Structures are given as C-alpha cells and as structure tokens.
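Tertiary structure, described
Residues per chain, in single letters:
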Amino acid sequence: MSDTQTLIENRPPSVATLFLDRVESTPDREAYRYPVPPASGKGPDEWRSYTWGEAAERVFAAAAGLIELGVEAEQRVAIASNTRVEWILADLGILCAGAATTTVYPSTNAEETAYILADSGSRVLIAEDATQLAKVRERRAELPELAHVVVLDEAAAPAEGDPEGWVLSLAELERRGAARLEKEPDLIRKRVAAITADQLATLIYTSGTTGKPKGVRLQHDCWSYMARAIEASGLVTGEDVQYLWLPLAHVFGKVLTAGQIGVGHVTAVDGRIDKIIENLPVVKPTYMAAVPRIFEKVYNGVAAKARAGGGAKYKIFQWAAGVAREYARVSQDNYRRTGKAAAPAGLTIKHAIADKLVYAKLREAFGGNLRAAISGSAALAPDIGFFFSGAGIHILEGYGLTESSAASFVNPGEAYRTGTVGKPMPGTEVRIADDGEILLRGPGIMQGYHGLPEKTAEVLEDDGWFHTGDIGELSADGYLRITDRKKDLIKTSGGKYIAPAEVEGQFKAVCPFVSNILVHGADRNFCTALIALDEPTVTGWAEENGMAGKPYAEVVASPAMHQLIEGYVQRLNEGLQRWQTIKKFRILPRDLDVEHGELTPSLKLKRPVVEREYKHLIDEMYAGSREA
C-alpha cells in the first residue's frame, strides 16, 4: 500500500478529531490571521493572529456553550455570516459538539433563510449581525424549532417580543461554555470521540436555478477524507499562507478550512471582496483560491489601466499578453512531453522583456509570494488561464460539486494543464457515461438530499456512482476537461449541439469589457448573445470617448459602444464553427448580479432567470427570422 493510500485509508472519523490532533501536535503555531479595522474608521486594518491552541480555547468554549443550550449529536446549528474568522471557529465548535452545520449565505433573503432553517430543522442560528437577526425575527412564527440565535456582533441585542434567552451574543455563549468546561473538562473530547464517520456534519443548500434549494447532506467522513486527500496531493504544505475570502457558506470555501487543519498552515481570513486588492500585499499569500470572475476582473482591470495609459502602453500590454499565452502553451506542452517546462530561446528572451515591463508588477499586486492560485466553481476561459500562467501566476483549475464536497479534481502542481481541471483527488473514482456525463464515486460523495429520497435516487446509484450533470472528456493520462452542463447544451433547429459555456469563455478572453455573457440558441436557427459589461472598465472608456459623467446605461446603449462590442463579437466568430457564431447580440442596461437573482452566490450564471428577465431582447433578435 502506498503512503497516499495509507494516509487516506487510515483517516480519522471526523475533522473534529483532526482538529484535536492538530491542536495537540502544534499548539503554538500560528493558525489564523484576521483583520481588525481601526477604531477611528480611518487607516489600514490591524492584522492579529490565533495560534492553534488559542483557536481551540474559543472552539471548545463555543462547543460547550452549544451543549449547554441543549444541542445534541447531529442536530443542526446554522451559520448566516460573511467570511470571517468567527465563522470558522463557530463551525468547528458545532462539529466538536457533535452537531451539524447548516450554511446560509448572508445575502439570502428572509423568506429563503426561513425555508432553509425550517427544512433543516436548525435548533440554533449563529447570525453575524442585526441584519441577519432581523430576518429570523420577521419569520419567527415559521421557525418553531429555532430555540436560540447567537449573534457574532455584540451590538445586536434582544428586542421587545423576543422570548427570554432567545438572543445571546457569541461572547455569552463562550462564557457559558467555559463555565461548563470548568465542571467537565473532558466534555468536548468525549463528544468528539463519540462522532462516527457516517454522522451528518454539514447541510449545504444548493442555490439552484429553479425551485427551492436542496439540502446536501455531507457526513463527517467527507471532510476527513478531503483533509487527507488535500494533504496527500502535495499541493500545500505546513509552511504555506492561504488567503481565504471565499464564502464559507459555499462548499469551495468550506473544503479549504478542512484542508488547512489537515496540513496545518496559516490562513488569513477576510471575506470583504472590496478589500482583496488592499489585502494581498499585506497578507502576501503563497496560495489562494478564487472563482473565475475574480481572475477575469483582474485581467480586465490590467488591460483597462494599460489602455488608459495611452496607445503605446496598451500596445505593450497586448504584446506582453500574447507572449504570455504563447510562452505558457509552449512550456506546458514541453512539460507534458519531456517533464521540463522549457521554451525556445527567442520566445524566452521576449518573455524576459515582457516580465520586466508587465508580469512582475502583476505578481507584486498578488503579494509577490503567490506559488499558485486554485480556480473552481465554474470554467476559466483558457486564454485567461494561459495569460496568467505565462505571467508567472499559476492557476490550477479544479472541479467538484457541493454533492462531492468540492474537491474531486485538481491540477497537479507543475504538471498542470490550462483548460483542464486536472486529475482525480486520491481516493476518488471517475468514469464517463455513454452520453458524456461525468460520474464520480468516493468518500467525498454526499449521503443524499435532505428529506428528498426521490431526488437523491435521480443522481445517486445504489453502488455509489454520482451523476454530476456535467459533460466532460478524459485524456489518456487522466486529465479531465469539462465541456458543459448536460442540461445547458444547446441544440439548434438545424440539429447542431453547442456548448454555450465554451463560446462564452472564448468571448471573455477576447473582450476586456465583458462581465457576463449568455449565449442563446436552443431550437433556433442561429445563436444570439446577451452581453453585460464591466462597469469600471466602461466608465474608463467613457471618459476617453467624450462621455465622461454620463450614466452607465446611457453609455452602454450608445452607438459607439455597440460598434466597439460588435468588433469583439466578430473576432470571436472568426474562431468558431459556422453554427456556433453569434449572429446578433444585445448589450444589457446593467451588469448581472446576485441581488437580482441572476447569479448564484458563487457567481454562476442562472440561465433560466436571465433568459426570462430579458425575453423581450431575445425575441427582438429573432423577430422576422425564419425558424427552421
């Protein structure tokens, strides 16, 4: 048996067990960094730390506090909060109490929050602030099982009409827990020792495109397996510094916390997206995870800055971007053939010049120490991936679903291949069905959908194979390429199949102004597109083109903007098959967003929502055409 197999097969029953082991083995090592804004509200944040031992004190106190409130094994405790260190400590407290965490996005409205809490049967809600508390106050009559709300921010206090003891602060919960631990010092260790691998650990509600969200039941063994598989992959070490900003209500963020406990490195935690650019040079991470939209925004921002610097600077950037892509493609191809990432002398010289002019500054913006970035949740346009790869920012694409605990595939370090999601994590099996669907089996696969046995049976076979709903291809040496969602494939009225995500990704690499794009063409005789533009980039362009100060909607509706985007659509079409080409397009009056329900909280496009909302524009593009 290999060392990897031994590590995975001898995994403990839970991450709670792993956490206790981690605390015991490295109590004085730094575990978490977190920002504290200045009291004045002005100036930079102060970053503070917890060692593993200090984190454990809070985790054990929170766990004992929940037990004191009457929480029992597998009972659900929900968390509705932005990403912050208290989220992680609270989650570990829930797990160490033997309970299960229900995750709720802080952006979820009161109605859906109440549905998730009721459907999950959550006994306690850990709410970030008064805003989250207000959602459940409004719907308290629908939540008879919700016995307590624990608020992270001290400012949120009980109000008239609240049952006695219904609202308490996290500090009060921890005080109660500490008092209980004085009487029963072994309480938490006994609770953790009683946890079994098949016990429910987490309920994550998928933010599906239609209907009510489904609760995905992930057992303790899922996270223990993921922690060991990440450790076995060798992608991260105990010396790493991770910058974690992803939503922890999402499975992608959650799996990173499990991996960190297994490996024992430092994690800097701050979910404020508007602080990412400011934080990176301070944190200086060696690795971080993100969704493709973040890399797209960075790329578009760099291109816009170069364009604003004048024609010469923009030409230099375009040249450097082309060199980066060529260098990355050649290097990766050589590595695949020879095991060495080499490039011809002429290209290497060009790359060195471009590095001094462009790439070095880009790496500094990421903090200067970034070994690799992990991209997941949606497909990254290969041209953007090759650009960053050539610039020395290595983006390792991965793949997984909520139902598979997020990390089913990841690119293997130096052997990564842009445009693929890499190889299966150790211990995960994969096969491709006759219709191209990707099937997975392994310890990371869910128990099923909470209270929905029929829905579970639709995707989970008796022998453990899970139907992902994604279409993909496996290379001879095991690299997976995702081509599209099974349900998103377009079949034109002429009988041709089109993967819209592939076309959309190519457009994002071609056009630096795009934020989101939806390709439409199912049962039509040609393809069209709805295009949403990136507001900061559009604003910069407007200032350069005599429209400074004009409203965004007016700028994007202008003939000049239409002509600009039309040029990028033509460039896209040059690289497509005839039946894939975009014949007509419309620019949307605003960007798509989570607030309007057009994107999921992990920034995936909700196609049915967008197509329904902008049906009039789609109908307009097909008006007068002869549908075959």
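Another aspect to go through is helix α7 (residues 170–183). For α7, with 14 residues, the first-to-last C-alpha span of 20 Å sits near the 20 Å given by 1.5 Å per residue. All buried positions along α7 are accounted for by L170, L173, E174, G177, R180 and L181. The buried side chains of α7 occupy one side of the element, clustering within an arc of 120° when seen end-on. Across α7 from its buried face, at more than 90 degrees, point the exposed residues R175, E182 and K183. Where α7 is buried, its residues meet α3 (52–68), α4 (85–96), β6 (148–151), β7 (167–169) and α8 (187–193).

Further remarks concern the sheet that holds strand β15 (residues 409–410). Hydrogen bonding along the main chain pairs the strands of a sheet, whether they run parallel or antiparallel. One open sheet holds the 9 strands; their spatial order is β2-β1-β11-β10-β12-β13-β14-β15-β16, and the pairing between them is mixed. Looking at the sheet topology across the chains shown, the edges are occupied by β2 (46–51) and β16 (423–424). Pairing analysis gives 2 bridges linking β15 to β16, with the strands arranged antiparallel. Across the sheet, V410 pairs through a bridge with K423, a residue of β16. Docked against the sheet, α3 engages β1 (30–36) and β2, running at close to 80° with respect to β2. Of the strands in this sheet, β1, β2, β10 (241–244), β11 (266–269) and β12 (287–290) touch helix α11 (residues 276–283), which is tilted by about 170° from β10.

Note on placement: S224 falls in helix α9 (residues 220–233). Take S224: its relative accessible area is 0%, and that puts it in the buried class. Only 2.6 Å separates the side chain of S224 from the backbone oxygen of P12, close enough to count as a polar contact. Contact partners of S224, with chain neighbours within four places excluded, come to R11, P12, P13, S14, V15 and L18.

Right, let's get into the packing of helix α12 (residues 292–308) against helix α13 (residues 311–338). Closest axis-to-axis distance for the α12/α13 pair is 7 Å, and the angle between their directions is 145°. On the side of α12, the interface is formed by Y299, V302, A303, A306 and R307, while α13 contributes K313, Y314, F317 and R325. Here the contact of α12 with α13 is composed, by residue class, of 6 nonpolar, no polar and 3 charged.

With that settled, consider the sheet that holds strand β25 (residues 527–533). Spatial ordering of the open sheet is given by β24-β25-β26, a layout of 3 strands whose pairing is mixed. Each having just a single partner strand, β24 (514–520) and β26 (582–587) make up the two edges of the open sheet. Neighbour-to-neighbour, the strand axes of the sheet open up by a mean angle of 25°, direction not taken into account. Where β25 and β26 come together, 5 bridges link them in parallel fashion. Looking across to β26, one finds that A529 is bridged to F585. Across the sheet, helix α17 (residues 500–510) touches β24, β25 and β26, and the angle it forms with β24 is around 150°.

Let us now look at the packing of aromatic side chains. Counted under the stated rule, the structure contains 14 aromatic pairs. For the pair Y299 and F317, a centre-to-centre distance of 6.1 Å together with 50° between the ring planes defines the contact as tilted. One end of the pair, Y299, is in helix α12; the other, F317, is in helix α13, and 18 residues separate them in sequence. Across this residue pair, the class does not change: Y299 and F317 are buried. Between F387 and F388, the aromatic rings sit 5.2 Å apart at their centres with planes inclined by 75°, giving edge-to-face as the arrangement. Each member of the pair, F387 together with F388, is buried.

Moving on, we come to α3. For α3, with 17 residues, the first-to-last C-alpha span of 24 Å sits near the 24 Å given by 1.5 Å per residue. Burial runs high along α3: 13 of the 17 residues are buried. Looking one or two places after α3, you find G70, whose phi comes out positive at around 100°.

This part is about the confidence of the model for the protein. Scored by pLDDT, the protein has a mean of 90; 97% of the residues are at 70 or more. Per-element confidence in the protein is highest for α3, whose mean pLDDT is 98, and lowest for strand β22 (residues 490–491), whose mean pLDDT is 74.

Remark: α3 packs on α4, axes separated minimally by 8 Å, with the N-to-C direction vectors making an angle of 55°. On the basis of the axis angle, α3 is oblique to α4. Read as a crossing pair, α3 and α4 show a hand that is right-handed. Contacts between α3 and α4 involve A55, R58, V59, A62, A63 and L66 on the former and, on the latter, E86, L89, L92, G93, I94 and C96.

Let us now look at the nonpolar core. With 166 residues, the main nonpolar core has F19, Y32, F388 and I565 as its most contacted residues. Considering each element in turn, this core owes the most residues, 10 residues, to α3. Residues contacting F388, with those up to four places away along its chain left out, are F295, V298, Y299, L362, F366, I393 and I395. If you look at the next biggest cluster of nonpolar residues, it comprises 21 residues, including L125, V136, L143 and A156.

As a further point, take the pattern of salt bridges. Under the defined criterion, the tally for this structure stands at 40 salt bridges. R29 is paired through a salt bridge with E239; the nearest N and O atoms lie 3.7 Å apart. A residue pair is termed long-range when its members are at least 10 positions apart, and R29 in the loop between α2 (15–25) and β1 and E239 in the loop between α9 and β10 qualify at 210 residues. Assessed through its relative accessible area of 64%, E239 is described here as exposed. K297 is the salt-bridge partner of D534, the closest N and O atoms lying 3.2 Å from each other. Of this pair, D534 sits in the loop between β25 and α18 (535–544) while K297 sits in helix α12, and the two are 237 residues apart along the sequence. D534 gets classed as buried once you look at its relative accessible area, which sits at 6%.

What follows is about the side chain of D45. Tracing the sequence through the fold places D45 in the loop between β1 and β2. Apart from residues no more than four positions distant in its own chain, D45 is found in contact with P35, V36, P37, P38, R272 and K275.

Our focus in this paragraph is the pairing of β10. In β10, alternate side chains face the same way, and those of V241 and Y243 on one face and Q242 and L244 on the other are all buried. Sheet topology places β10 next to β11; 4 bridges connect them, and they run parallel. Opposite L244, over in β11, you have V269 as the bridge partner. On the question of chirality, the crossover connecting β10 to the parallel β11 by way of helix α10 (residues 251–263) is right-handed.

This next bit is on the environment of R123. Its location among the elements puts R123 in the loop between α5 (110–120) and β5 (124–127). Judged by relative accessible area, R123 falls into the partly exposed class, the value being 28%. Linking R123 and A391, residues 268 residues apart in sequence, is a C-alpha distance of 49 Å. Aside from chain neighbours lying at most four places away, what touches R123 is Q75, R76, E145, L146, A147 and H148.

Calculation notes
Residues numbered from 1 in each chain as written. Predicted model: local features only at pLDDT ≥ 70, side-chain atom pairs only at ≥ 80, totals over all residues. Heavy atoms only, no water. Helix = DSSP H or I, 4+ residues; strand = E, 2+ residues; numbered from the N terminus. Expected span 1.5 Å × (residues − 1). Buried < 20%, exposed > 50% of the residue type's maximum accessible area, 1.4 Å probe, protein only. Arc of directions from axis to C-beta. Contact = heavy atoms within 4.5 Å. Pairing = 2+ DSSP bridges. Axes fitted to C-alpha atoms, helices over the stretch in contact; angles between N-to-C directions. Polar contact = N/O pair within 3.5 Å; in protein donor to acceptor, adjacent residues only side chain to side chain. Nonpolar A, V, L, I, M, F, W, Y, C, P; charged D, E, K, R; others polar. Phe/Tyr/Trp six-rings, centres within 6.5 Å; stacked < 30°, edge-to-face > 60°. pLDDT = per-residue confidence, 0-100. Parallel < 35°, antiparallel > 145°, perpendicular 65-115°, else oblique. Left-handed = near helix turned anticlockwise from the far one by under 90°. Core = buried A, V, L, I, M, F, W, Y, C linked by side-chain atoms within 4.5 Å. Salt bridge = Lys/Arg side-chain N within 4 Å of Asp/Glu carboxyl O. Right-handed = clockwise from strand over helix to strand, strands pointing away.

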